[in-house]
Amino acid sequence: MNVGETSVRSYASLDSVRVVKAERSHAAKVRAVIPPDKTPQTGGHYRAYKPRAFTREERERVTILFGGLHWRAERLIQGAMENLGYRAKVLPTATREDLLTGREVADIGQCCPTSFTTGNLANYLRRQAARLGAAEVADRMVYVTAGSCGACRFGQYHQSYELALRNVGLDSFRMFLLGQDNLDQGAAAGGGLELNLPFTLGAVWAIVLSDVIQDMEYRTRPYEKNPGETERVTREAVDYLYEVFKRRPWRGRKWGSVLWHFGTRYFVRAMQEVRRRYDAIELDRLRVKPVVKITGEFYLQTVEGEPNYNIHRWLEAEGAEVYPAAITIWLDYLLRLAAQEFEDHVGIQRGAGAKAQAVKALQSLLRWTHARMRRALADVPHDLPDQYELRALAAPYYHSRLNGGEGDMLVGKALWAYHHRKSHMTCELSPYSCMPNTMSVGAMAAVIGRYPDLLYAPLEIKGDAEVHALSRCQMILTEAKRRAQREYEEVLNRTGLTPAALRTAYEARPGLHSATYRVPHLGAAGMAANIALHLAQGRARC
């Protein structure tokens, strides 16, 4: 046999092929979950899920479960819900065990966020059923989640939950959907859950404030002089804001609530108190670190934990500053979609132009609210990118009306960060088998062809291929580190500063060490480079 040839065993006849008789074969493993039989009530036909009523009388004894965001947002939403008289509990962050359960008990072909969230709910309820009994769990708990429609599987999540619950023997458990395109949906079946303006506005404000806190945390922790201080202050701040939301004044169900939320300084004063807590954190901003912007599918870019391989903390451990993905950007994007939908019907549908302007006004109010909370933290957290700029940047590569998943935002945000020098690298987290994200990754191939120096790391997240994904990210992060160092050295050469002179100038201004000192963005992506430009400007004025 020649080297390199494959040895192939041939058989002259089937007589020489080893045959194992059925009675001697090993029995196949029994499924942990047996598919439910078709019930005579439905006759095997599909029926849309309809939860059993959750009445107002049950509200005091029934716990509402929810989750799927980062822990800061979940905690503040819990406070907003308890303010309205609900018993609320945040589900634990999903784990790899939840991923495997989701694959087992729900439909095949689902994306990994569906597997994680479905398995997370199923495992939590299993544990509670083992402790309390299945009937008691179905009676004392309900689940609230967001719903949608369109190309993304997000629109079918509740069906995966329903199938999983039937498969684990909890088909009588109740789930309710919060439509992401309706601020005032009224009472759910039974009246126990009212998805009204106070509920929705509380959730939106909780998201806005928690996004600003998260951004402040990630801009602070990589440079802290005392390790662990940022983590401690952030947790204290979130617990304080939880109480702020829990004590939120009641201003009615309609316009009174709307006007109060937009006009009050209640939350601004709370964020100013949070600022005082961050004031005391001392930073060494001369550490040269690459800035990595996180984008991707909503769940994977938002959650912090095993579903995305703990990518935020991993990047920080590798020496990067993380630019997290704000949930508020998603809310801003949804409003942009609504506005452009009305714009497309101008001249066809009566009042479409006025409705488009009304949505844009609401969009401006959302951005203004986010900016108010940023100002309360000295404008240190990042501002929101303009949605219409993102659309324009993405237009040559991705059509703005392809709105499944994150639509054109992923392409737009990568180009926005590149052109405005907001980061050295973009890391896009795409779920395995996610249809919209597959399209955006494909469109990014054309973007990279046009801008070959744009550092882009698309990571396909399966939930069980951590080494492969992080190794891919690490290769591109290595180049981002080189660019950050090169950027810093070029700034020093341009300003005539030496590292020693820069250090002396930095130490001479103690105010620069505070976490709440706003370092202006002067055309560099990295913190150290911007500090050098900032100090050079001050020296030139002197």
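Keep in mind it's a predicted model, so treat the numbers as computed, not measured.

Participant: I'd like a rundown of the side chain of E224, residues and numbers included.
Facilitator: Considering the arrangement of structural elements, one finds E224 in the loop between α6 (197-220) and α7 (229-246). Discounting chain neighbours no more than four positions away, the residues touching E224 are E229, T230, E282, L283 and R287.

Participant: Can you tell me about the packing of aromatic side chains, naming the residues and giving the values?
Facilitator: Here the structure, examined in full by the defined rule, presents 11 aromatic pairs. Ring centres of Y266 and F267 lie 5.1 Å apart, and the angle between their planes is 80°; this geometry places the pair in the edge-to-face category. For the pair formed by Y266 and F267, the shared burial category is buried. Here W330 and Y333 contribute two aromatic rings whose centre-to-centre distance is 5.5 Å and whose plane-to-plane angle is 40°, an arrangement assigned as tilted. Highlighted residues: W330 and Y333, both in helix α12 (residues 327-343), separated by 3 residues, approximately one helical turn. On the basis of relative accessible area, Y333 is assigned to the buried category, the value being 0%. An aromatic cluster is defined as three or more aromatic residues linked by ring pairs; in this entry it consists of F245, W260, Y266 and F267. Taking the ring centre of Y240 as reference, the NZ or CZ of R277 above it sits at 4.9 Å. The side chain of K293 reaches across the aromatic face of Y323, ending 4.0 Å from its centre.

Participant: Please provide a residue-by-residue account of the sheet that holds strand β9 (residues 425-431), values included.
Facilitator: Across the sheet, which stays open at both edges, the 4 strands sit in the order β8-β7-β9-β10 with parallel pairing between neighbours. In this open sheet, the two strands that pair with only one neighbour each are β8 (321-323) and β10 (456-461). This sheet shows a mean twist of 25° between the axes of neighbouring strands, independent of strand direction. In the sheet, β9 pairs with β10 via 6 bridges, with the strands oriented parallel.

Participant: Describe the environment of A187, listing the residues and the values that go with them.
Facilitator: Within the secondary structure, A187 sits in strand β5 (residues 186-187). In this structure the C-alpha to C-alpha distance between A187 and R56, which are 131 residues apart in sequence, comes to 9.8 Å. Not counting residues up to four positions away in its chain, the partners in contact with A187 are L193 and E194.

Participant: Go over helix α9 (residues 266-279), please, and point to the residues and values.
Facilitator: Because each turn of an α-helix spans 3.6 residues, side chains separated by three or four positions in sequence point in the same direction. Here α9 spans 20 Å end to end across 14 residues, near enough to the 20 Å set by a 1.5 Å rise per residue. Each element contacted by the buried residues of α9 is listed here: α6, α7, α8 (255-263) and α13 (352-376).

Participant: For the packing of α12 against helix α14 (residues 387-394), give the residues involved together with the corresponding values.
Facilitator: Two numbers describe how α12 lies on α14: the axes approach to 10 Å, and their chain directions differ by 75°. One element, α12, and the other, α14, form an angle in the roughly perpendicular class. Facing I329, D332, Y333, R336, A339, Q340 and E343 of α12, the residues of α14 in contact are Q387, Y388 and R391. Its residues placed into classes, the contact of α12 with α14 shows 4 nonpolar, 2 polar and 4 charged.

Participant: Summarise the environment of G85; cite the residues concerned and give the values.
Facilitator: Within the secondary structure, G85 sits in the loop between α1 (71-83) and β2 (87-90). Residue G85 is classed as partly exposed on the basis of its relative accessible area, which comes to 40%. Residues G85 and R59, spaced 26 residues apart in sequence, show a C-alpha to C-alpha distance of 7.7 Å.

Participant: Describe the packing of α6 against α7, with residues and values.
Facilitator: Between α6 and α7, whose axes approach to 10 Å, the crossing angle comes to 165°. When the axis of α6 is compared with that of α7, the two are roughly antiparallel. By crossing handedness, the relation of α6 to α7 is classed as right-handed. Each of G202, W205, A206, L209, I213, E217 and T220 in α6 lies in contact with α7, whose residues at this interface are T230, E231, T234, V238, L241 and F245. Counted by class, the contact of α6 with α7 contains 7 nonpolar, 4 polar and 2 charged residues.

Participant: Describe the confidence of the model for the protein chain, with residues and values.
Facilitator: Looking at the protein chain, pLDDT values average 88 and 87% of them are 70 or higher. Per-residue pLDDT stays below 50 along residues 1-11; that stretch engages in 3 contacts with residues further than four places along the chain or on separate chains.

Quick notes on the rules
- Residues numbered from 1 in each chain as written.
- Predicted model: local features only at pLDDT ≥ 70, side-chain atom pairs only at ≥ 80, totals over all residues.
- Heavy atoms only, no water.
- Helix = DSSP H or I, 4+ residues; strand = E, 2+ residues; numbered from the N terminus.
- Contact = heavy atoms within 4.5 Å.
- Phe/Tyr/Trp six-rings, centres within 6.5 Å; stacked < 30°, edge-to-face > 60°.
- Buried < 20%, exposed > 50% of the residue type's maximum accessible area, 1.4 Å probe, protein only.
- Lys NZ or Arg CZ within 6 Å of the ring centre and 35° of its normal.
- Pairing = 2+ DSSP bridges.
- Axes fitted to C-alpha atoms, helices over the stretch in contact; angles between N-to-C directions.
- Expected span 1.5 Å × (residues − 1).
- Parallel < 35°, antiparallel > 145°, perpendicular 65-115°, else oblique.
- Nonpolar A, V, L, I, M, F, W, Y, C, P; charged D, E, K, R; others polar.
- Left-handed = near helix turned anticlockwise from the far one by under 90°.
- pLDDT = per-residue confidence, 0-100.

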